[in-house]
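So you can see what is in the structure, the chains are spelled out below.
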Amino acid sequence: ESRIHFHISEFNSPFSLTPFLAVHLTGTKYSCGEGGCGSCTVMVSRYNPKNKKIRHYPVTACLVPICSLYGAAVTTVEGVGSIKTRIHPVQERLAKCHGTQCGFCSPGMVMSIYTLLRNHPEPTPDQITKALGGNLCRCTGYRLIVESGKTFCEESTACQMKGSGKCCMDQEENCICILFCFVEICTKLYNEDEFQPFDPSQEPIFPPELIRMAEDPNKRRLTFQGKRTTWITSVTLSDLLELKVNFPQAPLVMGNTEVGGEEIFERLFPCHPCILLQLTLSFYSTILFSGVTIGAGYSLAQLNDALGSIVSEQPKEKTKTYRALLKHLRTLAGPQIRNMATLGGHVVSRPNYSDLNPILAAGNAIINLISKDGERQIALDSKFLERAPEANLKSEEIVLSVSIPHSTKWHFVSGMRLAQCQENAFAIVNAGMSVKFEDGTDTIKDLQMFYGSVGPTVVSASQTCKQLIGRQWDDQMLSDACRLVLDEIYIPPAAEGGMVEYRRTLIISLLFKFYLKVRRGLNKMDPQKFPDIPEKFMSALEDFPIETPQGIQMFQCVDPRQPPQDPVGHPVMHQSAIKHATGEAVYIDDMPPIAQELFLAPVTSTRAHAKIISIDVSEALALPGVVDVITAEDVPGDNNPQEEILYAQNEVICVGQIICTVAADTHAHAKEAAKQVKITYEDIEPRIITIEQALEHNSFLTAERKIEQGNVEQAFKHVDQIIEGEVHVEGQEHFYMETQTILAIPKEEDKEMVLHLGMQYPTHVQDFVATALNVPRSRIACHMRRAGGAFGGKASKPALLGAITAVAANKTGRPIRFILERGDDMLITAGRHPLLGKYKIGFMNNGVIKSADVEYYVNGGCTPDESELVVDIIVLKSENTYYIPNFRCRGRACKTNLPSNTAFRGFGFPQSTVVVEAYITAVASQCNLSPEEIREINMYKRISKTAYKDMFNPEPLRRCWKECLEKSSFYARKQAAEEFNKKNYWKKKGLSVIPMKFTVGIPYTYLNQAAALVHIYLDGSVLVIHGGCEFGQGLYTKMVQVASRELNIPSSYIHPYETSTVTVPNAVFTAASMGTDTNGKAVQNACQILMARLQPIIRKNPKGKWEDWVNHWWGSAFISLLISLLRGYQTNMDWEKEEGHAFPYYLYGVSCSEVEVDCLTGAHKLLRTDIFIDAAFSINPALDIGQVEGGFIQGMGLYTTEELKYSPEGVLYSRGTNDYKIPAVAEIPEEFYVTFVRSQNPIAIYSSKGLGEASMFLGSSVFFAIQDAVTAARRERGLTTSFTLNSPATPELIRMNCMDQFTEMVRVVRRGSCCNLLYMNFQVLGVSLVTMTNLTGQVHLFQ
Ligand SMILES: Cc1cc2nc3c(=O)[nH]c(=O)nc-3n(C[C@H](O)[C@H](O)[C@H](O)COP(=O)(O)OP(=O)(O)OC[C@H]3O[C@@H](n4cnc5c(N)ncnc54)[C@H](O)[C@@H]3O)c2cc1C
Ligand code: FES
Ligand code: FES
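Quick caveat, the model's predicted, so the values are computed rather than measured. (Residues numbered from 1 in each chain as written. Chains lettered and ligands numbered in written order. Predicted model: local features only at pLDDT ≥ 70, side-chain atom pairs only at ≥ 80, totals over all residues. Heavy atoms only, no water.)

Caption draft 1: Structural context of empty space enclosed by the protein. Counted under the stated rule, the structure contains ten cavities of 30 Å³ or more. Contributions of two or more residues to the lining of the largest cavity are made by α32 (1035–1047), α33 (1075–1100) and α35 (1181–1199). With three residues, α33 is the largest single contributor of residues to the lining of the largest cavity. The residue makeup of the lining of the largest cavity, split by class, is ten nonpolar, 13 polar and five charged. Forming the walls of the second largest cavity are 18 residues, and the residues nearest its centre are I645, Q657, K797, L800 and I828. (1 Å grid on protein atoms, 1.4 Å probe; cavity = no way out; pocket = protein on both sides within 12 Å on 5 of 7 lines; lining within 4 Å. Points joined across faces, edges and corners; volume = space filled by probe spheres on them. Helix = DSSP H or I, 4+ residues; strand = E, 2+ residues; numbered from the N terminus. Nonpolar A, V, L, I, M, F, W, Y, C, P; charged D, E, K, R; others polar.)

Caption draft 2: Just the sheet that holds strand β18 (residues 550–556), in detail. Spatial strand order, β4-β18-β46-β45-β44-β36: six strands in an open sheet with mixed pairing. With partners counted over all chains shown, the strands left at the sheet margins are β4 (185–186) and β36 (987–999), one partner each. (Pairing = 2+ DSSP bridges.)

Caption draft 3: Molecular detail of the nonpolar core. Formed by 232 residues in total, the largest nonpolar core has its most connected members in Y451, W473, F907, Y919 and I1173. In terms of residues, this core owes the most to one element, helix α18 (residues 500–525), which gives 13 residues. Those residues in contact with Y919 that lie beyond four places of it in its chain are I723, Y839, I841, V854, S878, I884 and F887. Core analysis: the second largest hydrophobic core is formed by 62 residues, L343, L360, L380 and A391 among them. (Core = buried A, V, L, I, M, F, W, Y, C linked by side-chain atoms within 4.5 Å. Buried < 20%, exposed > 50% of the residue type's maximum accessible area, 1.4 Å probe, protein only. Contact = heavy atoms within 4.5 Å.)

Caption draft 4: Looking closely at the UniProt feature "binding site: [2Fe-2S] cluster 2" (unreviewed entry) in the protein. Following the UniProt record, the feature "binding site: [2Fe-2S] cluster 2" (unreviewed entry) maps to C102, C105, C137 and C139 here. In sequence the annotated residues extend across 38 residues, while in space they remain close, none of their C-alpha pairs exceeding 9.4 Å. Cross-referencing the annotated residues with the lining of the largest cavity gives C139. With respect to the helices and strands, the residue C105 is situated in the loop between α3 (89–96) and α4 (106–119). Relative accessible area serves as the criterion here: at 5%, C105 is assigned to the buried category. Those residues in contact with C105 that lie beyond four places of it in its chain are L136 and C137. As for its placement among the helices and strands, C139 is situated in the loop between α5 (125–131) and α6 (143–150). Ignoring anything within four residues of it in the chain, the contact list for C139 reads Q101, C102, F791, G1186 and G1190. (UniProt positions renumbered as here; feature names shortened; annotations may be inferred.)

Caption draft 5: Layout of the packing of aromatic side chains. Taken as a whole, this structure holds 33 aromatic pairs when the rule is applied. Between Y1199 and F1263, the aromatic rings sit 6.3 Å apart at their centres with planes inclined by 55 degrees, giving tilted as the arrangement. Taken together, the residues span a long stretch of sequence, with Y1199 in helix α35 and F1263 in helix α37 (residues 1260–1276) at a distance of 64 residues. F1263 gets classed as buried once you look at its relative accessible area, which sits at 1%. Members of the aromatic cluster, joined through ring pairs, are F412, F437, W473, F514 and Y515. We note R1277 situated over the ring of Y985; from NZ or CZ to the ring centre the distance is 4.2 Å. (Phe/Tyr/Trp six-rings, centres within 6.5 Å; stacked < 30°, edge-to-face > 60°. Lys NZ or Arg CZ within 6 Å of the ring centre and 35° of its normal.)

Caption draft 6: Spotlight on the side chain of T631. Relative to the helices and strands, T631 is located in the loop between β21 (626–630) and β22 (651–652). Apart from the residues lying within four places of it in its own chain, the contact partners of T631 are Y647, I659 and C660.

Caption draft 7: The site of ligand 1, seen in detail. Neighbouring residues of ligand 1: 32 residues in total, closest L252, M254, T257, T342 and D355. At 2.8 Å, a backbone N or O of N256 approaches an oxygen atom of ligand 1. D355 is positioned with one of its backbone polar atoms (N or O) 2.8 Å from an oxygen atom of ligand 1. For ligand 1, whose free accessible area comes to 980 Å², the fraction covered by protein is 94%. Split by residue class, the shell around ligand 1 holds 18 nonpolar, ten polar and four charged. (Near = heavy atom within 4 Å. Polar contact = N/O pair within 3.5 Å; in protein donor to acceptor, adjacent residues only side chain to side chain. Areas by Shrake-Rupley, 256 points an atom, 1.4 Å probe, with all protein chains shown as cover.)

This is the structure we're talking about:
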């Protein structure tokens, strides 16, 4: 029996499906709570009695009101398959194709692919990519997830390039591709022959009782009576209308995607004794002679299907509005939201960012309303969209349907949009436009322009349109239209969302796109009469397509002489992969409730720097379920361990600092009470937010670090040129899918406390908790099995949060569960350090850099955290791959009133090295050479010493560089890009190839050690424990591989056990790419010692089996456990002398990326990436490739889409998936090639190299490819090619750096010049130089 029966009265607050599922089933994960990440995806199936069909569709459980599921079957990941019963092929293939790392997103991924297969058992690759558009993964980089889905496609092959025309057939084991003719190179990460076949007929049937219910002719109205709210479900339209009369203020919930989760619901409808639900009616849909009427209850996915079939049936000229809608329906949110959201809900809620309403309005859509009194129609026009009171619905009315007229021959309709990401991101600006011409002419009869995201509502440029009636559709009209529309649509400087100049530029850039589209359309209709747009402008017409990613991964083959059972070097699946895919992997929040357990909610500071005048907790304490409020007063030990602060006392030093926590019986009660804690403040000056402000106030967390070689000042005197510049690299949110979660259980005796938490540094947590509770560390036990991603964010922060939780558990004497919600996690735990790099570079005209003086400042936030280490690493690694004989680098962490920034994959290297590559690019521009030439000229070529005098051999770097240039056909593609750029004015291609010298580890020997505990039991089974933490990187899997080789037994004998301070004490953090290096050696050491002890027994019985020997061992009284403490790598750094052997070894990589940029919008598309990375010998190529690809995509996010926004007062605005965009599947390279380059690394286990962090920086090849494309645009426009591109290269920065007549027009208008002084000659037809003049007749368009 796979079904769960429940009674609605089980819930105090029966709102969303997620908390309900969490009680019964833990597979469905909760990560963002706003429909933006897909972790909580489940499949809903409904039977339609009219067409007798069952509709299966994906939804995000966090937004599904539980009462809306009456009559629906919900399938969660548990219902798809489990280890206990049968693993479903979707789960098996996701696991075996290595599409899971930390596994937190995996159930959601499974559900998205599974639902697709229920509807399309043999999907196309494109359908797979579309199906995954609403699911975020922070670990894998998506390609392997898509690949697992592609195995269900008819044309699926092991070689990803097959079907693209670039690959030959499989040859024996490996797929050897024409592009890369290597020998002894493997490309196959999994074996398709191992997959169980997919048989769609074996899926569970839809419950017959639900069919009977749906077909019941006597269906009755349903009422769900909650404590505060009544949900009423109508079953007929007349019943609904009756309800609307009786409860005029009651909201009608359809998809609930606009209304959203419970909290928002309560905010929007504070007095909602009643909510109406529409379940069974989709309302109707008809196609009439003059248009189509779509039922308001149609989901956007159904709308998409309906429009798709109309478009395929009707002549093209009639379907222009439908095609415009279809284009936006492809990228609006993800498939889950599109399947939940309804057309009616979308139209009625009139969000200012609406993608559909501007097009519907431009297409003259009509809203059909119905109430008990009858039907009426209103226009979906500017009055309606701008919320004119007379256009509002009456309280008893509902939207029945929306009628969209066919377009006509001389009528053009288009939709355009630009968002931070291609898919699943709200538009920064969107537009719907239409123009009707007098028949056979280009004389404007009617013009409509609607813009979204430029004000509180969608707005119409109606005055502009009116003034242009009767004009010809020509360049002069365009020029006037731009001027008028900028006058009409005003975005105030302090507008929500900022980016005012950019958004104003988009207003006219999108208009220009429409202008071109219409010109092209007119030309197609009558080429004689209407000249076409220039060839050079053609590419401006199309948006970037979303393609299915493909690629090849190449790695070393295992020596054929290696024993078959030895797994080292093989692409072994992640040890928990199947459990991830079935949802059976247990994360902290999945641990069953404990008797008496309480939940914790934080109260955080709303001021950046202030004195706490009072904390009033009386109202909070009076609320139901609240047990206690915990403050600094309750900390029995030290509230300030290592200069960090657990609970703020007397003073707050950042917004987001925890002042107190509320403990209550449920999470909802704790949250509610936390809102009622009243804190009064008195601001303290200064309030320091930015690096610049910190420099002004001399506010630092650390002393300056410096490395210097040669004589920098002297060398500046003998160079041909000197450049100076500044580059900003902004911070980054870790966005691990599992937010920080802690379970603290106080023990009855001896002040013991047990903590379960996702972490990277158990010893640190133990230390802080013991210090806070004032007990010896031996009383504190910290455990973890896995974390849903970490990326550095769980290195130091869990210690603070763990101590805060432990103090609450200590005070209340009850177990405490502390789960940070996404917004709180982003606010409280901070992330990567923003960096300001200042450089002065002296070089010769031939490109040789002679002297460099570089300063780095990072924004450390309000406490030290890991800032010192970050600065150390920045300074030590700051030369990247370049030898500069006279080199000085200084670094310092600024103290500001922001939450304390912390460790993040790469520890500052990904930020600082962008500055290095930026000055390399700047030198290239000055020397009229390409950046590649400057890189080549200055790159280390032979065994050398770093600036801190450490010897290294750059030979693998040279190989990576050479192979990357060759195998990616860099020069040929660069040439092709140049050709493309010559032919395309508004789209530009750019390429970059970026080298990297990376060092693993930390410059402190004590952090390079590890310990392991290996038990061999008498039945031969083996337990492996070590101090390393598993958060997706596959550490446990690799440790099993190591133990398997060393003990010479199959992996199946070996079981990896959780990490705990009880089993392995004083372990160092799992970070800096060292997890496998140190723990692997410890496990190896332990196993080798055990094997040595076993040798006498083996010698006596050489033909015996493992079990015989081990059993004999018992007889011989050998103990079978061992703790091995490995001293680890010896590193040292003498900062006084500025020299040392700071890191154990070097690894190298080169990445080449090619992008295409839309100069009119700032959007970019990553076409191809090639990575060549020096992996030495990979212990597990599947895991390592996963790290490389995942790190690259995370890096790409850092440098392109991930933008944290703060107010000048230090309030973080970006607190969820809506405001912070990590890369999604649509962002990854269309073609992605990863090659492991062989080298030697004898000091590391099995000559491997730690690949966890290095590829993060390789993501900057996308950034520099964008810069290359923008440079091409600027060159063509006669602008200087020396310009600074700060990171991230968002669409805003890209667009505003591709300066042209539009950016200049916005600037001129902003500068206050009268618009009527402005004349723009767009000269579209002549493609001649764009000019702008004022009345003095001077031309000054470009600086
Ligand atoms: C993660 C996410 C991403 C999104 N991305 C985008 C995007 O990129 N672009 C975009 O345009 N939109 C986006 N949206 C918004 C989405 O399009 C709307 O939320 C959706 O269309 C609203 O439909 P609904 O059925 O869910 O409305 P509901 O939330 O159910 O209702 C919204 C309002 O309309 C009322 N209502 C609903 N139906 C009727 C009716 N028939 N008659 C009268 N009143 C009615 C309700 O009472 C309520 O007040 C996104 C939403 C989410 C959650
Ligand atoms: S948790 Fe539901 S979509 Fe993110
Ligand atoms: S595996 Fe996807 S988030 Fe970790």
